[in-house]
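One letter stands for each residue in the lines below.
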Amino acid sequence: MSRAKCIMVQGTMSGAGKSLLCTALCRIFAQDGLRTAPFKSQNMALNSFVTRDGLEIGRAQAVQAQAAGIEPDVRMNPVLLKPSSDTGSQVIVHGEVRGQMPAAEYYRYKKQLMTEVLAAYESLAGEYDVVVIEGAGSPAEINLRADDIVNMGLARRVNAPVLLAGDIDRGGVFAQLYGTVALLEPEERAQVAGLIINKFRGDMDILRPGLSMLEEKAGKRVLGVVPYLRVDVDDEDSLAPRLGRTEAHKPLDAVVVRLPRISNFTDFAPLEAHPQLGVRYVDDARQLGAPDLVILPGTKSTMDDLLWLRQSGLEAAVQKAAAAGTPVLGVCGGYQMLGTMLHDPEGVEGPAGRSLRGMGLLPADTTFIGQKRRTRTAASVLAENLAGAELEGYEIHMGRTEVSGPPFCVLADGRRDGCAQGCVWGTYLHGLFDSGQLTERLAALLCARKGLRPKAAAAVSHAVYQQQQFDLLSEGVRQALDMGEIYRMMEEW
């Protein structure tokens, strides 16, 4: 059995653009006729994805697989950490929950995971021509060097040439790159095959002298300067630029409440692409204004985020908007919040036996249980004014909700999901706007309420739109990087 070639992208910091660069490389190699798979040994993110066999991986690796034209696979992200507090995370291994661990406990535990990480990698490497590996955070986090399973520790075990990316848009890129290389151990430094300057917007003639100085000081070649590419590819984490968008200049104003532990906010990316829907994110009651739609998104900590919503004044503001007839949509944790009561007898989200009053906008009571539901399904919307929209989505939640009102939709297996009461809707389905049909019906409803004429447009599936964006991304990155040198190092490393 032949073993795949590999390339690894590490970054000088979180948000340096590793995920996007890996997505681009997956697309480029696939375009060049190579069977390509993404891999990230350990991911920390609240945006996750359910594979066809009902297992959970980070959203970024699912997107990278889609860019490579293959089905997302749990082997592509064997370890997923979903933060549930400032000091602890839910630990998911091979798509299944292993438990809840404080940071110190996981730090001791992770050394046991290297065998499982390598097994997942070798399995992929035996089936594909190229594996594109993504690092996490920075390899220069010297306090975390011991037992590293995601940056240089992994690169050395699989002998991957490393492309080190720095973010020039946030400033200090030369210090980022040189400082990172300087802090590496000699054997780690030897794994760095080249440097990438990412998110550049400016005059290359002004930048060029700095590149020569950087190469001289770091002893590493700059393999490309990637421009700030304005492509719309699903973001992974809380550093996503879209979450900082507090203004939207379109006829319809949709507000997503930016909960402290917001998850799967990529659910609303298709709304942002609609010509009439402006989507903004708020975390202050004073920012809410008079929107045409309020959305409560998913969250890793429903009860704590509901308390935050209550204490911040946003709960009262949303309730007031709903009473005035403003449509409100809750997805997953947001749906649970809209109900009348939340119960946690097993201590899934905190102290066992805790109960909390919900927002009272839907006749639904939620009880948290230890078993996580993970499934992909199709559905038909039943809610008045949105009925008939066909969609595909997925569930990732640890609550069971009893409803005494009309459902939001009916699932492919005949089960009913969610609740609809007037213009307040709740559903467990992530990805509900991806097909495009629900987006168009929602936009038409909001236009009618505002006296606007809907723009006639065929419903465009998010999958088709994403493929177009992948091509734009790969074109920009291919032109910026020395792909000939990257192919050479993959062959000779």
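Source: prediction; values computed, not measured.

Asker: Even after reading the chapter, I still don't get the overall build of the chain, so can you show me in this structure?
Answerer: The helix and strand tally for the chain stands at 16 helices and 26 strands. Here the C-alpha radius of gyration of the chain, 23 Å, is about what a compact globule of 493 residues would show, namely 23 Å. Its C-alpha atoms give the chain principal-axis dimensions of about 65 × 50 × 45 Å. Taking all 493 residues of the chain together, the buried fraction comes to 57%. If you take every contact in the chain between residues at least 6 apart in sequence, the share linking residues at least 24 apart comes to 74%. Accessible area of the chain: about 19400 Å², with a carbon and sulfur share of 51%. Of the side-chain charges in the chain, 52 are positive and 59 negative, and the distance between the mean point of each set is 2 Å.

Asker: Explain the packing of helix α1 (residues 18-31) against helix α16 (residues 483-492) to me, please; I cannot follow it from the model alone.
Answerer: When two helices pack together, their arrangement is given by the angle between their axes and by how far apart the axes lie. At their nearest, the axes of α1 and α16 sit 13 Å apart, and the two run at 85° to each other. Relative to α16, α1 is oriented roughly perpendicular. Listed contacts from α16 to Leu25, Ile28 and Phe29 of α1 are Met483, Ile486, Tyr487 and Met490. By residue class, the composition of the contact of α1 with α16 is seven nonpolar, no polar and no charged.

Asker: Is there a simple way to think about the sheet that holds strand β26 (residues 424-427) in this case?
Answerer: Note: strands within a sheet are paired through backbone hydrogen bonds, in either parallel or antiparallel orientation. An order of β15-β13-β16-β18-β26-β25 is seen for the six strands of this open sheet, with the pairing classed as mixed. Edge positions in the open sheet fall to β15 (277-282) and β25 (419-421), since each of these has one partner strand only. Averaged over all adjacent pairs, the angle separating strand axes in this sheet is 15°, with direction ignored. Pairing of strand β13 (residues 252-257) with β15 involves six bridges; the strand directions are parallel. Paired with Val255 across the strands is Arg280, a residue of β15.

Asker: Looking at this structure, I do not really get the side chain of Arg374. What am I missing?
Answerer: Looking at where Arg374 falls in the secondary structure, it is placed in strand β21 (residues 364-381). For Arg374, the side chain forms a polar contact with the main-chain oxygen of Gly54, separated by 2.7 Å.

Asker: It is not clear to me how the sheet that holds strand β10 (residues 162-167) should be interpreted in this structure. Could you clarify?
Answerer: Read across the sheet, six strands follow the order β2-β9-β1-β10-β11-β12 without closing on themselves; strand pairing throughout is parallel. Looking at the sheet topology across the chains shown, the edges are occupied by β2 (36-39) and β12 (222-227). Geometrically, the sheet is characterised by an average inter-axis angle of 20° between neighbouring strands, direction not taken into account. In the sheet, β10 pairs with strand β11 (residues 192-200) via six bridges, with the strands oriented parallel. Across the sheet, the residue bridging to Leu164 is Leu195, located in β11. Running over the sheet, helix α6 (residues 173-183) touches β10 and β11 and is turned about 145° from β10.

Asker: Explain the environment of Gly278 to me, please; I cannot follow it from the model alone.
Answerer: Its location among the elements puts Gly278 in strand β15. Expressed as a C-alpha distance, the spacing of Gly278 and Gln371, which sit 93 residues apart in the sequence, is 37 Å. Apart from residues no more than four positions distant in its own chain, Gly278 is found in contact with Ala248, Lys250, Leu252, Asp253 and Ala254.

Asker: Would you mind showing me how to read unusual backbone geometry here?
Answerer: When glycine is set aside, most residues are seen to have a negative phi, and most peptide bonds are trans. The backbone of His94 shows a phi angle near 50°, a positive value even though the residue is not glycine. Structurally, His94 can be placed in the loop between β7 (88-93) and β8 (96-102). Look at Asp147: it is not a glycine, yet its phi comes out positive at around 60°.

Asker: Before we go on, may I ask you to explain the packing of aromatic side chains in this structure?
Answerer: When we look at a pair of aromatic rings, we describe it by the centre distance and by the angle of the planes. Scanning the model with the defined rule gives five aromatic pairs in all. Note on Phe39 and Tyr121: the rings are 5.4 Å apart at their centroids and 70° apart in plane angle, and the pair reads as edge-to-face. You can see Phe39 sitting in strand β2 and its partner Tyr121 sitting in helix α4 (residues 114-125), a full 82 residues away along the chain. Pairing Phe49 with Tyr394 gives two aromatic rings, centres 5.7 Å apart and planes at 55°, and the pair type is tilted. Here Phe49 is found in strand β4 (residues 48-50), whereas its partner Tyr394 is found in strand β22 (residues 390-403), with 345 residues between them in sequence.

Asker: What is the right way to read the packing of α1 against helix α2 (residues 59-67) from this model?
Answerer: Closest axis-to-axis distance for the α1/α2 pair is 8 Å, and the angle between their directions is 25°. In terms of their interaxial angle, α1 and α2 are classed as roughly parallel. In this structure, the crossing between α1 and α2 has a hand that is right-handed. Of the residues in α2, those touching α1 at Ser19, Cys22, Thr23, Cys26, Arg27 and Ala30 are Ala60, Val63, Gln64, Gln66 and Ala67. Here the residues of the contact of α1 with α2 sort into six nonpolar, four polar and one charged.

Rules of the game
Residues numbered from 1 in each chain as written. Predicted model: local features only at pLDDT ≥ 70, side-chain atom pairs only at ≥ 80, totals over all residues. Heavy atoms only, no water. Helix = DSSP H or I, 4+ residues; strand = E, 2+ residues; numbered from the N terminus. Rg over C-alpha atoms; globule rule 2.2 N^0.38 Å. Buried < 20%, exposed > 50% of the residue type's maximum accessible area, 1.4 Å probe, protein only. Contact = heavy atoms within 4.5 Å. Areas by Shrake-Rupley, 256 points an atom, 1.4 Å probe, with all protein chains shown as cover. Lys, Arg positive; Asp, Glu negative; His and termini not counted. Charge placed at Lys NZ, Arg CZ, Asp CG, Glu CD. Axes fitted to C-alpha atoms, helices over the stretch in contact; angles between N-to-C directions. Parallel < 35°, antiparallel > 145°, perpendicular 65-115°, else oblique. Nonpolar A, V, L, I, M, F, W, Y, C, P; charged D, E, K, R; others polar. Pairing = 2+ DSSP bridges. Polar contact = N/O pair within 3.5 Å; in protein donor to acceptor, adjacent residues only side chain to side chain. Phe/Tyr/Trp six-rings, centres within 6.5 Å; stacked < 30°, edge-to-face > 60°. Left-handed = near helix turned anticlockwise from the far one by under 90°.

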